Amino acid sequence: AQSVSQHNHHVILSEAASLELGCNYSYGGTVNLFWYVQYPGQHLQLLLKYFSGDPLVKGIKGFEAEFIKSKFSFNLRKPSVQWSDTAEYFCAVPNDYKLSFGAGTTVTVRA
Amino acid sequence: KAGVTQTPRYLIKTRGQQVTLSCSPISGHRSVSWYQQTPGQGLQFLFEYFSETQRNKGNFPGRFSGRQFSNSRSEMNVSTLELGDSALYLCASSLHPSKRTGELFFGEGSRLTVL
């Protein structure tokens, strides 16, 4: 069954720094991938998704992710973070009538 | 368009009691999933319902059960509560089963504390 792994548990950075969060999926073939975000005190929401086509996917709030098949990766990026990007970020993959989530990465942006 | 509504938002129970959590999906959504979120285990899948049928169940003991009604509203029940059941229980809805789209719309969760 497909699964995803996130290697960064907690990332701390300053405003205007660039952000990259790693996500690897378990095996090849057709795969759909997602990034979800959970801001403090708010519900989980979809940041962006990849189904097929252009491997560079753009999402909300200036985030993007690149699907690299040869590396089984779907890393999330933002060129310049803001304090409001402080949140927990989850990579996810559909798997047998459910979404399997990675362990999550907590991102803290210092003003 | 109203989002996913979960009730109650917070509740405190003692060991051995049971609890029922409710979820109203977005209007028109027929699929409802439940997840347990804890700091140590992250997001763990509980079950998914589509058109009143349980499509999948996660690796949780039989104390955890759920159902979906004809109006797509869903409930989950946990019997004989244990301390380890303390968690944020998230409900998510989607138009189709999550295997097809993976795009879920989450509620704010029900935070259960077991004393």
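Structure's up top.
Residues numbered from 1 in each chain as written. Chains lettered and ligands numbered in written order. Predicted model: local features only at pLDDT ≥ 70, side-chain atom pairs only at ≥ 80, totals over all residues. Heavy atoms only, no water.

The next thing to look at is the overall build of chain B. Helix and strand counts for chain B stand at one helix and eleven strands. Written out in order from the N terminus, the α and β elements of chain B read β-β-β-β-β-β-β-β-β-α-β-β. Taking 2.2 N^0.38 as the reference for a compact globule, 115 residues should give roughly 13 Å; the C-alpha atoms of chain B span a radius of gyration of 13 Å, in line with that estimate. Projected onto the principal axes, the alpha-carbon positions of chain B cover approximately 35 × 25 × 25 Å. (Helix = DSSP H or I, 4+ residues; strand = E, 2+ residues; numbered from the N terminus. Rg over C-alpha atoms; globule rule 2.2 N^0.38 Å.)

To describe a pair of aromatic rings, one takes the distance between the centres and the angle between the planes. Summed over the entire model, instances satisfying the criterion amount to 16 aromatic pairs over all chains. Here Phe34(A) and Tyr36(A) contribute two aromatic rings whose centre-to-centre distance is 6.5 Å and whose plane-to-plane angle is 40 degrees, an arrangement assigned as tilted. Comparing Phe34(A) with Tyr36(A), the two get one shared label, buried. Here the aromatic residues Phe34(A), Tyr36(A), Phe51(A), Phe90(A), Phe101(A), Tyr35(B), Phe45(B) and Phe106(B) are joined through ring pairs into a cluster of three or more. (Phe/Tyr/Trp six-rings, centres within 6.5 Å; stacked < 30°, edge-to-face > 60°. Buried < 20%, exposed > 50% of the residue type's maximum accessible area, 1.4 Å probe, protein only.)

Glancing now at the interface of chain A and chain B. Counting from both sides, the interface comprises 18 residues of chain A and, opposite them, 20 residues of chain B. Viewed at the interface, chain B and chain A are joined by one salt bridge. The partner of Lys49(A) in a salt bridge is Glu103(B), and the shortest N-O contact between them spans 2.8 Å. Linking chain A with chain B are four residue pairs in polar contact (both at pLDDT 80 or more), by the criterion used here. Taken together, the residues of the side of chain A that touches chain B break down into ten nonpolar, four polar and four charged. (Contact = heavy atoms within 4.5 Å. Salt bridge = Lys/Arg side-chain N within 4 Å of Asp/Glu carboxyl O. Polar contact = N/O pair within 3.5 Å; in protein donor to acceptor, adjacent residues only side chain to side chain. Nonpolar A, V, L, I, M, F, W, Y, C, P; charged D, E, K, R; others polar.)

It is worth spelling out the sheet that holds strand β8 (residues 74–78) of chain B at this point. Residue and element names in this part refer to chain B. Taken in spatial order, the four strands of this open sheet run β1-β3-β8-β7, and their pairing is antiparallel. Each end of this open sheet is capped by a strand with a single partner; those strands are β1 (5–7) and β7 (64–68). When the angles between neighbouring strand axes are averaged without regard to direction, this sheet yields 15 degrees. (Pairing = 2+ DSSP bridges. Axes fitted to C-alpha atoms, helices over the stretch in contact; angles between N-to-C directions.)

By size, the foremost hydrophobic cluster in this structure holds 28 residues, and its most contacted members are Trp35(A), Phe74(A), Leu76(A) and Tyr89(A). Elements with a minimum of two residues in this core: β2 (10–14), β3 (19–21), β5 (33–38), β6 (45–50), β8 (64–68), β9 (73–78), β10 (87–94) and β12 (105–110) of chain A. One finds Phe60(B), Met76(B), Leu81(B) and Val114(B) within the second-largest nonpolar core, a separate group that totals 21 residues. (Core = buried A, V, L, I, M, F, W, Y, C linked by side-chain atoms within 4.5 Å.)

Residues and elements named next belong to chain B. All chains considered together, the criterion is met by two disulfides over all chains. Disulfide partner of Cys23: Cys91, at an S-S distance of 1.8 Å. Across the disulfide from Cys23 to Cys91, rotation about the S-S bond amounts to roughly -60 degrees, and the bridge is consequently left-handed. Placement of Cys23 in strand β3 (residues 19–24) and of Cys91 in strand β9 (residues 87–94) is noted, with a sequence separation of 68 residues between them. When its relative accessible area of 0% is taken as the criterion, Cys23 is described as buried. (Disulfide = S-S within 2.5 Å.)

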